[in-house]
Amino acid sequence: MFGYVTVDKPELKVKDYYKYKAYYCGLCRTLKEKYGQTGRLTLTYDMTFIIILLTSLYESRTKLKKHRCPTSPVRQMPMLVNEITDYAASMNIILSYYHFKDDWKDEKKILGFAGAGIFRKRARNIEKQYPRQCRAMKKYLKKLHRLEAADSQNIDETAGCFGELMAQLLIYKEDMWQETMGRLGFFLGKFIYIMDAWDDLEKDLKEGNYNPLKSLHGRPDYEDLCRQMLTMMMAEVSAAFEMLPCLEDADILRNILYSGVWTKYRTRLKQLKEREESQHGK
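Basis of the calculations
Residues numbered from 1 in each chain as written. Predicted model: local features only at pLDDT ≥ 70, side-chain atom pairs only at ≥ 80, totals over all residues. Heavy atoms only, no water. Helix = DSSP H or I, 4+ residues; strand = E, 2+ residues; numbered from the N terminus. Rg over C-alpha atoms; globule rule 2.2 N^0.38 Å. Buried < 20%, exposed > 50% of the residue type's maximum accessible area, 1.4 Å probe, protein only. Contact = heavy atoms within 4.5 Å. Areas by Shrake-Rupley, 256 points an atom, 1.4 Å probe, with all protein chains shown as cover. Lys, Arg positive; Asp, Glu negative; His and termini not counted. Charge placed at Lys NZ, Arg CZ, Asp CG, Glu CD. 1 Å grid on protein atoms, 1.4 Å probe; cavity = no way out; pocket = protein on both sides within 12 Å on 5 of 7 lines; lining within 4 Å. Points joined across faces, edges and corners; volume = space filled by probe spheres on them. Nonpolar A, V, L, I, M, F, W, Y, C, P; charged D, E, K, R; others polar. Axes fitted to C-alpha atoms, helices over the stretch in contact; angles between N-to-C directions. Parallel < 35°, antiparallel > 145°, perpendicular 65-115°, else oblique. Left-handed = near helix turned anticlockwise from the far one by under 90°. Expected span 1.5 Å × (residues − 1). Salt bridge = Lys/Arg side-chain N within 4 Å of Asp/Glu carboxyl O.

A.B. asks: Describe the overall build of the chain, with residues and values.
C.D. replies: Assigned secondary structure in the chain consists of 10 helices and 2 strands. Going residue by residue from the N terminus, the α and β elements of the chain occur as α-α-β-β-α-α-α-α-α-α-α-α. Over its C-alpha atoms the chain spans a radius of gyration of 19 Å, differing by no more than 12% from the 19 Å that the globule rule assigns to 282 residues. Per-residue burial for the chain yields a buried fraction of 50% across its 282 residues. Long-range contacts, defined here as pairs at least 24 residues apart, represent 69% of the contacts in the chain between residues at least 6 apart. Surface summary for the chain: the accessible area is close to 14800 Å², and the carbon and sulfur share equals 52%. If you average the places of the 47 positive and of the 38 negative side-chain charges in the chain, the two averages end up 8 Å apart.

Encoded structure:
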């Protein structure tokens, strides 16, 4: 479901792109150091955005380190790390653990059983360290899975579950910014969920999988409705962001929120258009 909250590289300054990549590499390294090589499998661009956002908001003291990694075994890569990096790594692991656990519980997937077993001990430590976030994840993932099992076509309700989860994840501290961060996280979570459903609809229809947009598919205004929903979600996210005193890396954050989140959407639309033109040309 993750992977939509990333940069629009062509529209980003070169120095900002390398800084973004240093945050990403810092998260990757932290996952490896704290949770082993399997921890790296949970790496997402979305968590990189959260690191940059929280680092900017709380002006966290960030260290520049250099390490070699599997993608660059010869040259050492710059990596930016701080306390937020540790937090994001923990959230990556706990989300993956709950996902694997539910896959085994609900669908008896062997990968789910194996994944839950790998991360179980680490997840228990994270639950002790971040009880509020973990309780919220359990609560809303359970509700979401119940709705999906019932084939709910109420996209606002299903997306809202993921939104509530993301709201608690983005509330790093319960302070004067928690309401704004919660709002930002809620609508960002809804955007991610709706975007994922829109992106996967064709595959889900073909394979008979659950998708909350199935009931809307076939309507002549289907694409317009989806675009409107996505646009509304990001308008709320952006409005919340602009209320925050984020100065450091503001250009990177705005690149992500105003353009980067639409990268896969634009790519998918282009693919669909090219396929349609190809079919008509035959």
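A.B. asks: Explain the layout of surface pockets to me, and be specific about the residues and the numbers.
C.D. replies: Each pocket or cavity is described by its volume, and for the second largest pocket that value is around 260 Å³. Trp-198, Asp-199, Leu-201, Glu-202, Leu-205, His-217, Tyr-222, Glu-223, Arg-268, Leu-272 and Arg-275 together form the lining of the second largest pocket. For the lining of the second largest pocket, the elements supplying multiple residues, two or more each, are α7 (178-207), α8 (222-241) and α10 (263-281). Per-element accounting of the lining of the second largest pocket gives the leading share, 5 residues, to α7. Looking at side-chain class alone, the lining of the second largest pocket contains 5 nonpolar, 1 polar and 5 charged residues.

A.B. asks: Can you break down the packing of helix α2 (residues 45-58) against helix α6 (residues 155-170) residue by residue, with the values?
C.D. replies: It is the contact of α2 with α6, at a shortest axis distance of 11 Å, that shows an interaxial angle of 40 degrees. Looking at the two axes, α2 sits oblique to α6. Here α2 contributes Met-47, Ile-50, Leu-53 and Leu-54 to the contact with α6, which in turn contributes Met-166, Leu-169 and Leu-170. Of the residues in the contact of α2 with α6, the class split is 7 nonpolar, no polar and no charged.

A.B. asks: Could you give an account of the packing of α2 against helix α9 (residues 250-258), with specific residues and numbers?
C.D. replies: The contact between α2 and α9 brings their axes to 10 Å, and the two run at 135 degrees. Taken together, the axes of α2 and α9 are oblique relative to one another. Helix-helix and strand crossings are classified by hand; for α2 and α9 the assignment is left-handed. Every residue of α9 that contacts α2 at Phe-49, Ile-52, Leu-53 and Ser-56 is listed here: Ile-252, Leu-253, Ile-256 and Leu-257.

A.B. asks: With reference to specific residues and values, describe α7.
C.D. replies: The terminal C-alpha atoms of α7 lie 40 Å apart, and with 30 residues this matches the ideal 44 Å at 1.5 Å per residue to within 8%. Gly-208 lies just past α7 and shows a positive phi near 75 degrees.

A.B. asks: Outline the pattern of salt bridges, listing residues and values.
C.D. replies: Per the stated rule, a full pass over the model turns up 16 salt bridges. Arg-29 is the partner of Glu-33 in a salt bridge, and the nearest nitrogen-oxygen pair spans 3.1 Å. Of the two residues, Glu-33 and Arg-29 are both situated in helix α1 (residues 14-35); the distance of 4 residues between them amounts to about one turn of the helix. Note on Arg-29: relative accessible area 18%, which makes it buried.

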